[in-house]
Amino acid sequence: MSLFSEGEPIRDTRAPDGSIKGRWDQRRFGGKLVNPANRRKLSVIVVGTGLAGGAAAATLGELGYHVKSFCYQDSPRRAHSIAAQGGINAAKNYRNDGDSIQRLFYDTVKGGDYRSRESNVYRLAQVSVEIIDQCVAQGVPFAREYGGLLDTRSFGGVQVSRTFYARGQTGQQLLLGAYQALERQVAAGTVEMFTRHEMLELIIVDGVARGIIARDMVTGEIETHTADAVVLASGGYGNVFFLSTNAKGCNVTATWRAHRKGALFANPCYTQIHPTCIPQSGEHQSKLTLMSESLRNDGRVWVPVEKGDTRKPADIPEDERDYYLERIYPSFGNLVPRDIASRAAKNVCDEGRGVGPGGLGVYLDFQDAIARLGRDAVAGKYGNLFEMYERITGDDPFEVPMRIYPAVHYTMGGLWVDYDLQSTIPGLFVIGEANFSDHGANRLGASALMQGLADGYFVLPNTISDYLAKGPYEKIDDDHEAVVEARASVTDRIEKLLSIDGDRTPDSFHRELGAVMWEYCGMERTEEGLRKAIDRIRELRAEFWSSVKVPGENEELNQNLEKAGRIADFLELAELMCIDALHREESCGGHFRAESQTPDGEALRDDENFAYAAAWEYTGEAPVLHKENLEYEYVKMTQRSYK
């Protein structure tokens, strides 16, 4: 049986024509508006309260719409966006070092290895300059220079300093800004907040998204919530690998439920491996810890020249150290993009030159920076990160180099959306990491926060109005056939999970799935390995539905039930990720096929055959591939080089 079939091509019909510099203004002017009195008659559901979801709910509430906001945490402040450390990009050019909207646009397209849409990326670069002003007005404490101006630093994949930061807590400070804006609207009555609620199904009425089915995670009550439009801002799916830098609760359920209802899922194989993570210390671990990419501004990455060198780093002379990123990529050095740095670390470890337990680590050394800037200056830039590393490992980075190794971090794939951020289901909008639109095959550092806030504060509030202007829509009652069907599917699934009464925990399945995905669909993929993975994932999914044990009941706080439902979706997503990786017989960005590389081991794209976004349709059997061709008018497609 074929793994997939090919359907009709898909096209973004919302993207305007004309000069790329004027497309966003053209789309905003061409879209219909909703007058303030009519906004009060319209309702929107926003699932997720991270940077994208929190910003969107706050902005829509401020505009006067009635918003229902959902998160599975006990507070919006616990969204995973809070874990982002290094910074947020914006083309302000405060350093006068040659930055511009055009350069940010170019760097992002190139960083994504020419697998993103030009129109979306240019809009992101345009909006970036507004984000910083918005956040400063909210009181976000960005770092400042001595004279009081906002400070910036460099991140991987660029040669300018465009990253605004708040020490190593940028995500936290930005999220608190969005949270305060959101809570202001909660107090004003425009936003209704539902914490400890998990979306388990999408309600579709006559082909249009009209609501969600959610489970109260404390009481187990299954609730129906309807609205005129639904916005998914539920983040990425990196936890399919079990070990990742994501919070343990991060999952794919919201977007996967929508995918099963007809929303196309684009580029699922595009996952980002972050090069700057604390190495795994043992089988007991359930997640990995990210060390900010900003550390590569001043830290130098190296390994011993000789294989099997077990000396302490201080005992290894300078001429016996291989600063391999500086050697291989002299133009960018330690600031190459994440996919490049991750593969380079894997390569030196595969050669037997890795450091630490199992040889799975490289050094990130700050001794030169300390000698150049002084300990106090380094502590001022990275102090909380150094403290976090020391608490986890017991080593003081001021005295010995950090040990780092790549780990799963971010996902560039997600639900397919058009220029308006609307999925293939009318009325269903998808923002932030949950969509696929802006990063192509690799995300530049500090661009996740940029996209989340751009979508939430500026893009969605403008584009969703064109859809809502067609309202008000007919009210949907709880006894509507589509609502009853959606509720029944949720309760049936829960009952099935509770009734299996097998002999394996949900976590045991998740851990095994993660091992398969990391081995065969991680930093390097091959045809043979991906076919093995697909076979094993199918076996594992069958075992799950016959052998999983979920103790307890639905009508209570039941974290095993929560995990089981999420893992069931991961088991379906994992197969699609491998099918997508198998069909894409090229290397691009974070997707590295061993069969497609240059003589010196760099990723080798195949623009003639694969210059498209792969949007997959769910059928219940073999998925159907719809191709969106990517055309480049303003950036010339070339093989990436950071040398």
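Residues numbered from 1 in each chain as written. Predicted model: local features only at pLDDT ≥ 70, side-chain atom pairs only at ≥ 80, totals over all residues. Heavy atoms only, no water.

Assigned secondary structure in the protein consists of 17 helices and 21 strands. Against the 2.2 N^0.38 benchmark of 26 Å for 643 residues, the protein shows a C-alpha radius of gyration of 24 Å, consistent with a compact globule. Its C-alpha atoms give the protein principal-axis dimensions of roughly 75 × 60 × 50 Å. When the 643 residues of the protein are sorted by exposure, 61% land in the buried category. Only carbon and sulfur atoms are counted for the fraction: they give 47% of the accessible area of the protein, which is about 24300 Å². One finds the centroid of the 73 positive side-chain charges in the protein at a distance of 3 Å from the centroid of its 93 negative side-chain charges. (Helix = DSSP H or I, 4+ residues; strand = E, 2+ residues; numbered from the N terminus. Rg over C-alpha atoms; globule rule 2.2 N^0.38 Å. Buried < 20%, exposed > 50% of the residue type's maximum accessible area, 1.4 Å probe, protein only. Areas by Shrake-Rupley, 256 points an atom, 1.4 Å probe, with all protein chains shown as cover. Lys, Arg positive; Asp, Glu negative; His and termini not counted. Charge placed at Lys NZ, Arg CZ, Asp CG, Glu CD.)

Our focus in this paragraph is the layout of surface pockets. Summary: where empty space remains is shown by rolling a probe the size of a single water molecule over the atoms. If you add up the space inside the second largest pocket, you get close to 770 Å³. Along the wall of the second largest pocket there are 31 residues; nearest its centre are L243, Q280, L360, W518 and E519. When contributions to the lining of the second largest pocket are tallied by element, the ones reaching two or more residues are β17 (402-411), α14 (506-521) and α15 (527-547). If you tally residues by element for the lining of the second largest pocket, the top one is α14, at six residues. Its residues assigned to classes, the lining of the second largest pocket comprises 17 nonpolar, seven polar and seven charged. (1 Å grid on protein atoms, 1.4 Å probe; cavity = no way out; pocket = protein on both sides within 12 Å on 5 of 7 lines; lining within 4 Å. Points joined across faces, edges and corners; volume = space filled by probe spheres on them. Nonpolar A, V, L, I, M, F, W, Y, C, P; charged D, E, K, R; others polar.)

A separate point is the packing of aromatic side chains. Counted under the stated rule, the structure contains 23 aromatic pairs. Here F70 and F194 contribute two aromatic rings whose centre-to-centre distance is 4.7 Å and whose plane-to-plane angle is 10°, an arrangement assigned as stacked. Taken together, the residues F70 in strand β3 (residues 66-70) and F194 in strand β7 (residues 191-194) connect sequence positions 124 residues apart. This pair shows no difference in class: F70 is buried, exactly as F194 is. Judged by centre distance (4.8 Å) and plane angle (80°), the ring pair of F332 and Y642 falls under edge-to-face. Here Y642 lies in the segment after β21 (624-629) and F332 lies in the loop between α8 (324-328) and α9 (338-350), a separation of 310 residues in the sequence. Across this residue pair, the class does not change: F332 and Y642 are buried. An aromatic cluster is built from F366, Y382, F386 and F398, whose rings are joined through pairwise contacts. One cation-aromatic arrangement involves R123 over W24; the distance from NZ or CZ to the ring centre is 4.9 Å. Taking NZ or CZ as reference, R123 lies 4.0 Å from the ring centre of Y419, over its face. (Phe/Tyr/Trp six-rings, centres within 6.5 Å; stacked < 30°, edge-to-face > 60°. Lys NZ or Arg CZ within 6 Å of the ring centre and 35° of its normal.)

This part is about the domain arrangement of the protein. It is common to give the size of an interface as the accessible area that goes away when the parts come together. Each assigned domain of the protein is listed here: domain 1 (5-270 + 412-468), domain 2 (274-409) and domain 3 (481-611). Relative to domain 3, the C-alpha centre of domain 2 lies at a distance of 31 Å. Each partner contributes to the interface: domain 2 provides 13 residues, whereas domain 3 provides nine residues. Where domain 2 touches domain 3, the interface holds zero salt bridges. There are four residue pairs in polar contact (both at pLDDT 80 or more) connecting domain 2 and domain 3. Every element with two or more residues in the side of domain 2 that touches domain 3 is listed here: α9 and β17. A per-element tally of the side of domain 2 that touches domain 3 places α9 first, with five residues. Of the residues in the side of domain 2 that touches domain 3, the class split is six nonpolar, three polar and four charged. (Domains from an automatic or database assignment. Contact = heavy atoms within 4.5 Å. Salt bridge = Lys/Arg side-chain N within 4 Å of Asp/Glu carboxyl O. Polar contact = N/O pair within 3.5 Å; in protein donor to acceptor, adjacent residues only side chain to side chain.)

Moving on, we get to helix α7 (residues 253-260). Summarising burial for α7: seven of the eight residues are buried, a large majority. Within the span of α7, buried status applies to T253, A254, T255, W256, R257, A258 and H259. Where α7 terminates, the next one or two residues include G262, which has phi positive at roughly 125°.

If you trace the backbone, G354 turns up in the loop between α9 and β16 (362-365). For G354 and K307, which are 47 residues apart along the polypeptide, the C-alpha to C-alpha distance reads 8.0 Å. In contact with G354, not counting residues within four places along its chain, are V348, C349, G359 and G361.

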